[in-house]
Amino acid sequence: MSPARETTPEHWQRFWTDGRPLHEVYSNQGRLVDQALAEGSLEGRRVLEVGAGTGRDTMELVRRGARGYVLDYTFGSLHLMQDAARHMGVHLELVCADARALPFRDGSFGLVFHQGLLEHFRDPPSILVENARVLEPGTGTLIVDVPQRWHIYTAAKKVLIAMNKWFAGWETEFSPAELERLVRDQGLDVRRTYGDWMVPGLFYRAARVTLAKAGIKVLPMYPKGPPFWEDFWNGLRERLRGQRWALYTTHVIGVVARKRAAAGGHGSAPDARRTA
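Treat the numbers as computed from the prediction; the structure is a model and nothing was measured.

**What to know about unusual backbone geometry**
So, step 1. Of the consecutive residues V199 and P200, the connecting peptide bond is found in the cis state with omega at -5°.
So, step 2. Residue position: P200 is located in the loop between β6 (188-196) and α8 (202-213).
So, step 3. Backbone geometry places Q29, a non-glycine residue, at a positive phi of 55°.
So, step 4. You can see Q29 is positioned in the loop between α1 (9-16) and α2 (31-37).
So, step 5. In this model, N164 sits at a positive phi of 60°, which is unusual for a non-glycine residue.
So, step 6. Taking relative accessible area as the criterion, N164 reaches 52% and is therefore assigned exposed.

This is the structure we're talking about:
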């Protein structure tokens, strides 16, 4: 019986050092920034992106007044973020550490968030318990963004994992109810669950990457159709947002949750870094 596949730091080090410039890595098009700002101003507050990858969301939040911390366990990712932050003229606190043992004091952050992280761990609560621990009681917000289970992306991914061809080694996915339960199990109150669609779609992205690796760079990253076509799809997606059943048509889902206040109230957040 073959050993269970795992995601390792080596998978991600290869991914972040494959020579692609940062602008060639697909973004979430501001989805997490929008969700964060919907909870209120982050001016002067500490925010932590776990498994930060490109760190683009944190850089945008820093531009809007937040104090940004980015954590990853690969130096390839951290070097990319360092260069991008320097280019943008923003300051980031870069931390190389394991998401299952965050090197910060309890209650250090007003916002903790991650996208494309939880699905790579076979024990998701080990990540979420640390997320909850470092959140400010009463006001701290957690945003968890993951692949949605009932999507063609899942089927394609399972085939590639079985063939040992998946770029990250191993990955799982979640239903909306499952993700909500995992977050609530950490004593957090779920405020809302959202979903988003992959635009452009999976097969277009795969074709574009395949052609680019062959030296054929003819497909734009974000193709545009005729105005009537763009207006139709944009309008349809807007009408579907907020509909519970529509979450099952999306590529990704996310939960926004709030940490409950500690008994007897809470004071100001402590200095973020844990001391020896």
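**A few points about the packing of aromatic side chains**
So, step 1. Tallying each qualifying case throughout the model produces nine aromatic pairs.
So, step 2. Arranged with centres 5.0 Å apart and planes meeting at 55°, the rings of W166 and F167 form a pair that is tilted.
So, step 3. Take W166: its relative accessible area is 13%, and that puts it in the buried class.
So, step 4. F167 sits in the partly exposed class, given a relative accessible area of 37%.
So, step 5. An aromatic cluster is present here, built from F15, Y153, W166 and F167 joined pairwise through their rings.
So, step 6. A cation over an aromatic ring shows up here: R122 above the ring of W170, its NZ or CZ 4.0 Å from the ring centre.
So, step 7. Directly above the aromatic system of Y26 lies the positively charged group of R205, at a separation of 4.0 Å from the ring centroid.

**Let's talk about the side chain of R205**
So, step 1. With respect to the helices, strands and loops of the structure, R205 is situated in helix α8.
So, step 2. Although R205 is buried, it forms no salt bridge, and the closest oppositely charged side chain is D196 at an N-O distance of 8.5 Å.
So, step 3. At 2.8 Å, the side chain of R205 and the backbone oxygen of P200 are in polar contact.
So, step 4. Excluding residues within four positions of it along the chain, R205 makes contact with Y26, M198, V199 and P200.

**Quick notes on the sheet that holds strand β4 (residues 111-115)**
The strands making up a sheet associate through hydrogen bonds between their backbones, and the pairing can be parallel or antiparallel.
So, step 1. Strands sit in the order β3-β2-β1-β4-β5-β7-β6 across an open sheet of seven strands; the sheet is mixed. Of all strands in the sheet, those bounded by a partner on one side alone are β3 (92-96) and β6. In this sheet, neighbouring strand axes are inclined to one another by 20° on average, regardless of whether the strands run parallel or antiparallel.
So, step 2. Taken strand by strand, helix α4 (residues 75-88) contacts β2 (67-72) and β3, and its axis lies near 170° from that of β3.

Rules and cut-offs
- Residues numbered from 1 in each chain as written.
- Predicted model: local features only at pLDDT ≥ 70, side-chain atom pairs only at ≥ 80, totals over all residues.
- Heavy atoms only, no water.
- Helix = DSSP H or I, 4+ residues; strand = E, 2+ residues; numbered from the N terminus.
- Buried < 20%, exposed > 50% of the residue type's maximum accessible area, 1.4 Å probe, protein only.
- Phe/Tyr/Trp six-rings, centres within 6.5 Å; stacked < 30°, edge-to-face > 60°.
- Lys NZ or Arg CZ within 6 Å of the ring centre and 35° of its normal.
- Lys, Arg positive; Asp, Glu negative; His and termini not counted.
- Salt bridge = Lys/Arg side-chain N within 4 Å of Asp/Glu carboxyl O.
- Polar contact = N/O pair within 3.5 Å; in protein donor to acceptor, adjacent residues only side chain to side chain.
- Contact = heavy atoms within 4.5 Å.
- Pairing = 2+ DSSP bridges.
- Axes fitted to C-alpha atoms, helices over the stretch in contact; angles between N-to-C directions.

In short, the description is geometric, and any link to function would need to be established separately.
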